Amino acid sequence: MPAITVDDLTTLRRLPAVDHAAVRRRVRSITTAPGGFEGEGFPVRRAFAGVDLTELDPFVHMDQMGEVEYAPGEPKGTPWHPHRGFETVTYIMDGIFEHQDSNGGGGVITNGDTQWMTAGAGILHIEKPPEHLVASGGLFHGLQLWVNLPKAEKWAPPRYQDLRGSEVRLLTSHDAGALVRVIAGELASERGPGTTYTPMTMVHATLAAGAWLDLPWDPAFNALAYVLAGAGTVGPERIAVATGQLAVFGPGDAIGIQAADVQESRSPALEVLILGGHPIREPVAWMGPFVMNTRDELRQAFEDYQAGRLGSIPAVHNAPTEVVESQP
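Residues numbered from 1 in each chain as written. Predicted model: local features only at pLDDT ≥ 70, side-chain atom pairs only at ≥ 80, totals over all residues. Heavy atoms only, no water.

K.L.:
Quick question: what am I supposed to make of the overall build of the protein chain here?
P.N.:
When its secondary structure is counted, the protein chain shows three helices and 27 strands. Viewed in the frame of its principal axes, the protein chain has a C-alpha envelope of about 70 × 45 × 35 Å. Here the protein chain holds 328 residues, and the buried ones make up 53% of them. Here the protein chain displays about 14,400 Å² of accessible surface, and carbon together with sulfur accounts for 52% of that area. In the protein chain, which carries 24 positive and 39 negative side-chain charges, the distance between the mean positions of the two groups comes to 6 Å. (Helix = DSSP H or I, 4+ residues; strand = E, 2+ residues; numbered from the N terminus. Buried < 20%, exposed > 50% of the residue type's maximum accessible area, 1.4 Å probe, protein only. Areas by Shrake-Rupley, 256 points an atom, 1.4 Å probe, with all protein chains shown as cover. Lys, Arg positive; Asp, Glu negative; His and termini not counted. Charge placed at Lys NZ, Arg CZ, Asp CG, Glu CD.)

Laid out in structure tokens, this is it:
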């Protein structure tokens, strides 16, 4: 899991030690993500399955894609599909993904890169591995997060942010035992590159075996920690967590996570995604690729998609404009 790494963590700015008077967030729940398949058949873990939307707010959905070692010809993506009413955040730790949308956005993301797509009023997009990766196979590991938009922003014009791994703000814990990547939002006055409609923070942390990570956390935000790989404990209760498990924290202004002293050979460190945002506290009507506030708005989204009002699939340049036939 390379993402963005640093050989010597002591060269990074250190997070301040959390004050002893800080309220450590206790753990409300631990859930285990079930497996499934997305798009054309790539394996995912449904990270938020079984968790009430009020606990997740402002987030609604997250898939861990892989980790999978594809054989030649096996890599898969998604066909063209619509979205409205939220933002998709695709973060790649291993492998390569290509993105294209009906608003002209697009690009290639690879180790440590993030694509941040605001669907807003409506957009079509496609995500797929490049042809050379399909031919060769290889390792693929990433995640996609859905961030809800408040009612006032659901009709915002679509936009696309191409966030390079080199732009991510890199920090370390006060004892240099953990690498902390700030992808979006603010942590200890340090900001990540992602621009968000909904106030939030997104962090990918790598904890060495036995390391403890104490993070200051905005008390107005909720707090979630999802284990991408490895094993450890969360909260002042030191509740055990492992790959594919999500911890939901209660109120407070600090989050504590510790890596187990012994990690499995496939993951020598604890890899964890830490999320928090300002709850929107509005009704959620969600079906398929649309996240709105009411059933009527969902119905309108499907009608608009079927009528072609969410955009059109871009033409393939240099494709033939007349029928081309071949003979056996």
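K.L.:
Can you walk me through the nonpolar core in this structure?
P.N.:
Among soluble globular proteins, nonpolar side chains are generally buried collectively. In this structure, F48, M62, L143, L145, M202 and L275 are the most contacted members of the largest nonpolar core, which totals 33 residues. Only β5 (59–70), β7 (86–94), β12 (138–148), β15 (178–184), β18 (200–208), β20 (224–229), β23 (245–249) and β25 (269–277) provide two or more residues apiece to this core. In this view, L275 contacts F48, F59, M62, L145, T201, M202, W217, N222, A223 and L224; residues no more than four positions away in its chain are not counted. Counting residues in hydrophobic clusters, the runner-up holds 29 residues, among them A188, A205, V227 and I257. (Core = buried A, V, L, I, M, F, W, Y, C linked by side-chain atoms within 4.5 Å. Contact = heavy atoms within 4.5 Å.)

K.L.:
Explanation requested: the environment of P279 in the structure shown.
P.N.:
Locating P279 in the fold gives a position in the loop between β25 and β26 (285–287). Among the residues examined, P279 registers a relative accessible area of 15% and is labelled buried. Spatially, the C-alpha atom of P279 lies 8.3 Å from that of T54, the residues being 225 residues apart in sequence. Once residues lying within four places of it in the same chain are set aside, the contact partners of P279 are D57, P58 and A220.

K.L.:
What exactly am I supposed to notice about the sheet that holds β18 here?
P.N.:
Adjacent strands of a sheet pair through backbone hydrogen bonds, lying either parallel or antiparallel. Pairing is mixed across the open sheet formed by eight strands, whose spatial order is β1-β14-β15-β18-β25-β20-β23-β2. Looking along the sheet, the strands with just one partner apiece sit at the ends: β1 (13–14) and β2 (27–32). Note: β20 against β23, three bridges, orientation antiparallel. Residue pairing for β23: L224 is matched across the bridge by V248. (Pairing = 2+ DSSP bridges.)

K.L.:
Honestly, the side chain of D214 in this entry has me stumped. Any pointers?
P.N.:
Mapped onto the fold, D214 is located in strand β19 (residues 212–216). Here the side chain of D214 touches R24 through a polar contact of 2.8 Å, side chain to side chain. Not counting residues up to four positions away in its chain, the partners in contact with D214 are V18, R24, I255 and G256. (Polar contact = N/O pair within 3.5 Å; in protein donor to acceptor, adjacent residues only side chain to side chain.)

K.L.:
Is there a simple way to explain the pattern of salt bridges in this structure?
P.N.:
Where side chains of opposite charge bring their charged atoms close, a pairing between them can arise. One pass over the full model with this rule turns up 15 salt bridges. Ionic pairing is found between R13 and E190, a salt bridge with its closest N-O pair at 2.8 Å. Of this pair, R13 sits in strand β1 while E190 sits in strand β17 (residues 190–191), and the two are 177 residues apart along the sequence. With relative accessibility at 16%, the residue E190 sits in the buried group. (Salt bridge = Lys/Arg side-chain N within 4 Å of Asp/Glu carboxyl O.)

K.L.:
What is the right way to look at the packing of aromatic side chains in this model?
P.N.:
For the structure shown, the criterion picks out four aromatic pairs. Seen from their ring centres, F97 and F140 are 5.0 Å apart, and the 45 degrees between their planes marks the pair as tilted. Highlighted residues: F97 in strand β8 (residues 97–101) and F140 in strand β12, separated in sequence by 43 residues. You can call F140 buried: its relative accessible area is 4%. Cluster of aromatic residues (ring-pair linked, three or more members): F86, W146 and W286. (Phe/Tyr/Trp six-rings, centres within 6.5 Å; stacked < 30°, edge-to-face > 60°.)

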